[in-house]
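Coordinate analysis (summary)
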Amino acid sequence: MKKEILIFTTSFMILTLMGCSSKIIHLANDNLDVRNRDIISINSTTNTLVLNSKIGDGIAIIKGLEFDDGIIELELKGENNPGKSFVGIAFNIQNDTTYEAIYFRPFNFKSDEKIRREHSVQYIYHPKYSWRFLRTNFEGQFEAEYPRQPSPEYWFGIQVKIDDKKVYVYDKKTNTELLSIKRLTHQVSNRIGLWTGYNSKGEFRNLKIRK
């Protein structure tokens with residue numbers, strides 16, 4: 001009996017410690033530094049942010065948050081709008097044009113064409129290593145399919161695990177690994193932000209950080 005109590009207590013302590021390391025990031029006007037986008041709405045009840053579309057990429061940098069390695073959890077929603085729906089998370093942000101990012105092309109999730117489905121998940125390191133440069137020179141290495149094929153217009157949850165050498169991307173619902181790649185740069189900045197690509201709006205909620 002004492003052994004069972006000890007095992008239960010130890011397991012509870014471990015789970016509690018794991019829970020304590022998870023931080024919910026509240027999305028509000030006063031802790032967002034928005035670049036090349038405007039905020040359409042913020043819902044404090046659901047912790048949801050909606051950014052509008054503009055020409056070029058946009059980032060909503062989280063002010064006061066330091067992140068260099070760990071796990072980012074996030075739910076995103078794009079649109080079934082081919083070529084105009086790119087949503088993701090940027091990290092190691094050095095300035096408006098120099099950063100790493102993991103992003104998604106929701107309009108490719110359920111495509112009838114396999115080659116398009118294989119372009120659903122993308123890693124980039126701007127400005128040099130754009131998606132076009134990587135696809136041309138390292139085809140198939142920095143992008144992947146989303147096997148669960150979420151609806152292009154529904155919320156989907158992801159986890160991005162980052163260490164000093166690699167980035168791993170998982171589907172939160174199934175814990176399936178979507179992408180595992182070697183980073184194309186070293187950690188310079190501890191800033192992260194919610195990212196939208198060219199001509200894209202984006203919706204984001206339930207942002208959490210786990211160390």
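In case you missed it, the structure is sitting above this.
These notes cover the structure that comes with them. (Residues numbered from 1 in each chain as written. Predicted model: local features only at pLDDT ≥ 70, side-chain atom pairs only at ≥ 80, totals over all residues. Heavy atoms only, no water.)

Let's shift gears to the sheet that holds strand 9 (residues 121-126). With antiparallel pairing, seven strands are arranged side by side in an open sheet as 2-5-14-7-8-9-10. Two strands lie at the open edges of the sheet, namely strand 2 (32-35) and strand 10 (143-144), each paired on one side alone. The pairing of strand 9 with strand 10 spans two bridges and is antiparallel. Within strand 10, the residue paired with glutamine 122 across the bridge is glutamate 143. (Pairing = 2+ DSSP bridges. Helix = DSSP H or I, 4+ residues; strand = E, 2+ residues; numbered from the N terminus.)

With that out of the way, let us pick up the pattern of salt bridges. In the structure shown here, the tally under the stated rule is 15 salt bridges. As a salt-bridge pair, aspartate 68 and lysine 211 come within 3.0 Å of each other at their nearest N and O atoms. Within this pair, whereas aspartate 68 is found in the loop between strand 5 (58-62) and strand 6 (70-77), its partner lysine 211 is found in the segment after strand 15 (202-210), the two being separated by 143 residues in sequence. The exposure class assigned to lysine 211 is exposed, which follows from its relative accessible area of 54%. Close ionic contact of arginine 210 with glutamate 73 constitutes a salt bridge, the shortest N to O distance being 2.9 Å. A residue pair is termed long-range when its members are at least 10 positions apart, and arginine 210 in strand 15 and glutamate 73 in strand 6 qualify at 137 residues. The structure contains a network of salt bridges with shared partners spanning Lys114, Arg117, Glu118 and Glu145. (Salt bridge = Lys/Arg side-chain N within 4 Å of Asp/Glu carboxyl O. Buried < 20%, exposed > 50% of the residue type's maximum accessible area, 1.4 Å probe, protein only.)

These results come straight from atomic positions and should not be treated as a statement about function.
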